[in-house]
Amino acid sequence: MNLKQQQYINGKWVDALSGNTREIINPFNQEVIAAVPEGDEADTKAAIAAARKAFDNGEWSETPATERGAIVRKIAELIERDKEELARLESLDTGKTVEESRGDMDDIAGVFRYYAELADKNGGELIDSPIPNSISRVVHEPVGVCGQITPWNYPLLQASWKLAPALATGNTLIMKPSEITPLTTIKVFELMEEAGVPAGVANLVLGAGSTVGAELSSNVDVDLISFTGGIVTGKKIMQAASANVKKLALELGGKNPNIIFADADFETAVDQALNGVFFHAGQICSAGTRLIVEESIHDEFVSALVERVKKFKLGSGFDEDTQMGPLISAEHRAKVEEYVETGIKEGATLAVGGSRPEDPELQNGFFYLPTIFTDCTTDMSIVQDEAFGPVITVEKFREEEEAVKLANDSVYGLAGGVWTNDIPKAERCVKKMRMGTVWINDFNLYFPHAPWGGFKQSGIGRELGKLGIEEYTETKHIFQNLKPEPVNWF
Ligand code: NAD
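Residues numbered from 1 in each chain as written. Predicted model: local features only at pLDDT ≥ 70, side-chain atom pairs only at ≥ 80, totals over all residues. Heavy atoms only, no water.

Quick look at the overall build of the protein chain
So, step 1. In terms of helices and strands, the protein chain carries 15 helices and 23 strands.
So, step 2. Against the 2.2 N^0.38 benchmark of 23 Å for 490 residues, the protein chain shows a C-alpha radius of gyration of 24 Å, consistent with a compact globule.
So, step 3. In terms of principal-axis extent, the alpha carbons of the protein chain reach across some 80 × 55 × 40 Å.
So, step 4. Every one of the 490 residues in the protein chain was classed for burial, and the buried ones make up 57%.
So, step 5. Of the roughly 20500 Å² of accessible surface on the protein chain, a fraction of 51% belongs to carbon and sulfur atoms.
So, step 6. Across the protein chain, the 47 positively charged side chains and the 74 negatively charged ones have centroids separated by 4 Å. (Helix = DSSP H or I, 4+ residues; strand = E, 2+ residues; numbered from the N terminus. Rg over C-alpha atoms; globule rule 2.2 N^0.38 Å. Buried < 20%, exposed > 50% of the residue type's maximum accessible area, 1.4 Å probe, protein only. Areas by Shrake-Rupley, 256 points an atom, 1.4 Å probe, with all protein chains shown as cover. Lys, Arg positive; Asp, Glu negative; His and termini not counted. Charge placed at Lys NZ, Arg CZ, Asp CG, Glu CD.)

Next up, the structure:
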């Protein structure tokens, strides 16, 4: 397959103004699957101007919310119609299994449907005014022009969390997908055009973070930046966004603890601990990469994990029996390798993995074996830093309080889990865990109705749920005096 793709600016499909292109690589075999325009600051400025004009002329923001909702619902229907094509494209671009990508597409359509339903339920509130003869009310209005920047791990899913609430609430936007995985986002812009999103309302610029992303973050005509990605980039965006005090929504990384108590259902906890990390080869912000296991079951638990990990089937996302695909790129695999070398130097014990697979059929892909480190302590950088790959660190604990203390010993606060059949104990733990999402006897589950986001350095704001729509609205208080009289002060 060799796809030719374009940017979408002001309702037109266009190449980069510079004429430059970037090759998109299949991480399973390094084949070039597409050549896409490599936009830069000039393309971004054109897209911002289009989005600014479309917002300022009020066409979209003043479209009745029911009509905007109908268009957002139509996008969901078109995603469902083209689900198989989108799923295969996502797998081609990211290396994840098609089965997983099909699940992503269901979730993505669900996000558009959820926000379509909320579009006309964003009305304001009448305040019980303390001033006689007055009306005091609160309304929610769109923020304006939104810059949206997404990562490569869940390209279209992360885009949907931003596109759907922004459109439902009447904003205009410029989306910049990861330069490594733009293909499904391009396809969804075609579907948004088909669904009837007016020209200039939703714009797509392709290119690097240092050019397109930096321009979006610093340009004073952009009112809000919604970013999902790494913590280092998030900090740069915060600085750039201070140029005009943009609203910021940041979904950053995670180093997520998963506490396993001895009284948990052993087999289920083993199974879900694996699923919580090795799904999509650990390239998940909420991956439960930091296992914290009660000492009395530690050895048995680790043995069970290792036995299962040795049987994992690595391969093409297009083979039905593949459980884990490749990492996204050569650069990213090199970072994971460096992380594992650090773990060895720091004195952690390599229980399994720690290298590339030897299977000759996997040599052209960016594969890395599922890896487990034991004898880990929180002072090790491998316990503190995000690997964003298929690597678990295991720590031991004796007391409930110690487990919670270990779990909270991180600059991140995205997600965490607790496995126990003692419900009061679980409730005591989750109350003290400083994370935006905490699962009891589950891991990694999310749905559009519940908010998603991080405590501490895992981010600012929330996506999904009703809070996800609040990110895209400004709140205005309107006061009306029904009996105007002079104040007689001056
Ligand atoms: P990244 O920060 O390298 O890149 C993310 C996006 O930012 C890309 O589109 C990139 O081009 C852009 N970018 C890079 N430099 C920029 C700059 N100076 N200004 C503006 N934009 C810039 O992250 P990644 O490697 O693509 O993704 C992995 C990271 O994303 C991990 O840390 C992961 O935890 C995080 N993530 C978080 C969530 C969440 O919900 N919290 C979800 C998915 C991924």
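Next comes the rest of the account.
Quick word on the sheet that holds strand β20 (residues 437-440)
So, step 1. Sheet architecture is open: seven strands sit in the order β15-β16-β17-β14-β13-β19-β20, paired in mixed fashion. Looking along the sheet, the strands with just one partner apiece sit at the ends: β15 (349-352) and β20. Across the sheet, the mean angle from the axis of one strand to that of its neighbour is 20 degrees, orientation sign disregarded.
So, step 2. Looking at chain direction, strand β13 (residues 257-260) and strand β19 (residues 415-419) are connected through three bridges and run parallel. Bridge pairing in β19 links Ile260 to Trp419.
So, step 3. Of the strands in this sheet, β13, β14 (290-294) and β17 (391-397) are in contact with helix α13 (residues 400-408), which crosses β17 at around 145 degrees. (Pairing = 2+ DSSP bridges. Axes fitted to C-alpha atoms, helices over the stretch in contact; angles between N-to-C directions. Contact = heavy atoms within 4.5 Å.)

Some thoughts on the sheet that holds strand β6 (residues 125-127)
So, step 1. Pairing in this open sheet of three strands is antiparallel, and the strands run β6-β7-β23 from one edge to the other. What marks the edges here is a single partner per strand, and that holds for β6 and β23 (473-481). On average, each strand axis in the sheet is inclined to that of its neighbour by 25 degrees, with strand direction left out of account.

Everything listed is a geometric property; what it means functionally is a separate question.
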